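# Remarks on the overall topology
Single-letter residue listing:
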Amino acid sequence: GDANDTMLPLLRGGRHRGKKKMKMQKISTLGMSREEWLKERKKSLGGSDMGAVLGLNKYRSPYTVWAEKTGRIGEEPENEAMRIGRDLEPYVASRFEEVSRKGVRRMNYLLRREDCPHLHANIDRQILGESSGLECKTASALNLKRYEGGDFPESYYAQCVTYLAVTGWERWFLAALVLGKRRPF
């Protein structure tokens, strides 16, 4: 597929016409330690949990999410792939801006709707001037087939739908850098 295939809005949410504005709890993650962040995430299901809850994540099961949230097991320690993804997130966001010509800003909050406290969103970027968000991903070249033709892992879809539900925004974009490929997205 063309590099712009995944630049189309991944998802579109409802416009919430005629409804009251949603009350949002914004918990700042600036200066928050990893332990404090994990403790806050335990209180509700986030977008990255949702793929596992729905059985769409080959690395985590619904049972694992339950056991983590209830304190029966600890959160999975960060591995090298997770570290690379975190470290390259600004680069992926920058490449998204370059290709899409849309500006983005980092969101340093864990978001939770007051009317839906069992869900939270810890989003990568907000699209400036739009009711939209951006999820940034990196993947090994060994997983290239999962991204050909604009495809992506189903668990990412579940993650973005969760973020739409929490934020009430209109659309979500997914930018994926497959390491070793000539061009991202």
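Note that the structure is predicted; figures quoted are calculated from it, not measured.

Let us now look at the overall build of the chain. Counting its regular elements, the chain contains 5 helices and 9 strands. When its helices and strands are written in sequence order, the chain yields β-β-α-β-α-α-α-β-β-β-β-β-α-β. Partitioning the contacts of the chain with sequence separation of at least 6, the portion at a separation of at least 24 is 71%. Accessible surface, the chain: about 10700 Å² in total, of which carbon and sulfur atoms supply 51%.

So, about the side chain of Gln159. With respect to the element layout, Gln159 can be found in helix H5 (residues 154-167). Residue Gln159 is classed as buried on the basis of its relative accessible area of 5%. Within the structure, Gln159 has its side chain in polar contact with the side chain of Tyr163 (distance 3.0 Å). Beyond its immediate stretch of four places on either side in the chain, Gln159 contacts Gly47, Ser48, Glu135 and Lys137.

In this description, a pair of aromatic rings is defined by centroid distance and the angle of the planes. Counted under the stated rule, the structure contains 4 aromatic pairs. Pairing Tyr63 with Trp66 gives two aromatic rings, centres 5.6 Å apart and planes at 40°, and the pair type is tilted. In this pair, Tyr63 and Trp66 both sit in helix H3 (residues 62-69), 3 residues apart, roughly one turn of the helix. The exposure class assigned to Tyr63 is exposed, which follows from its relative accessible area of 54%. You can call Trp66 partly exposed: its relative accessible area is 41%. Plain terms: the ring middles of Tyr163 and Trp172 are 5.6 Å apart, the flat faces sit at 55° to each other, and that makes the pair tilted.

A positive phi angle, close to 65°, is found at Arg101, a residue other than glycine. Looking at the element boundaries, Arg101 is found in the loop between helix H4 (80-100) and strand S4 (104-106). On the basis of relative accessibility, which here comes to 76%, the residue Arg101 falls in the exposed class.

One can find Glu68 in helix H3. By relative accessible area, Glu68 is classed as buried at 3%. A polar contact is formed between the side chain of Glu68 and the side chain of Arg60, at a distance of 2.5 Å. Setting aside anything within four residues of it in sequence, one finds Glu68 in contact with Lys42, Arg60, Ile73, Gly74, Glu75 and Glu76.

So, about H4. Taking 1.5 Å of rise per residue, 21 residues should cover 30 Å, and H4 covers 29 Å from first to last C-alpha, within 8% of that figure. Remark: the principal bend of H4, roughly 50°, maps to Leu88, with a proline, Pro90, within the next four residues. Here H4 has its buried residues at Gly85, Glu89, Val92, Ala93, Arg95 and Phe96. The inward-facing, buried residues of H4 contact S4, strand S7 (125-127), strand S8 (132-139) and strand S9 (171-178). The N-capping residue of H4, defined by a side-chain oxygen 3.0 Å from the backbone nitrogen of Ala81, is Asn79. Where H4 ends, the next residue or the one after it, Arg101, has phi of about 65°, a positive value.

The rules behind each value
Residues numbered from 1 in each chain as written. Predicted model: local features only at pLDDT ≥ 70, side-chain atom pairs only at ≥ 80, totals over all residues. Heavy atoms only, no water. Helix = DSSP H or I, 4+ residues; strand = E, 2+ residues; numbered from the N terminus. Contact = heavy atoms within 4.5 Å. Areas by Shrake-Rupley, 256 points an atom, 1.4 Å probe, with all protein chains shown as cover. Buried < 20%, exposed > 50% of the residue type's maximum accessible area, 1.4 Å probe, protein only. Polar contact = N/O pair within 3.5 Å; in protein donor to acceptor, adjacent residues only side chain to side chain. Phe/Tyr/Trp six-rings, centres within 6.5 Å; stacked < 30°, edge-to-face > 60°. Expected span 1.5 Å × (residues − 1). Bend = angle between axes of the 7 residues up to and from the residue.

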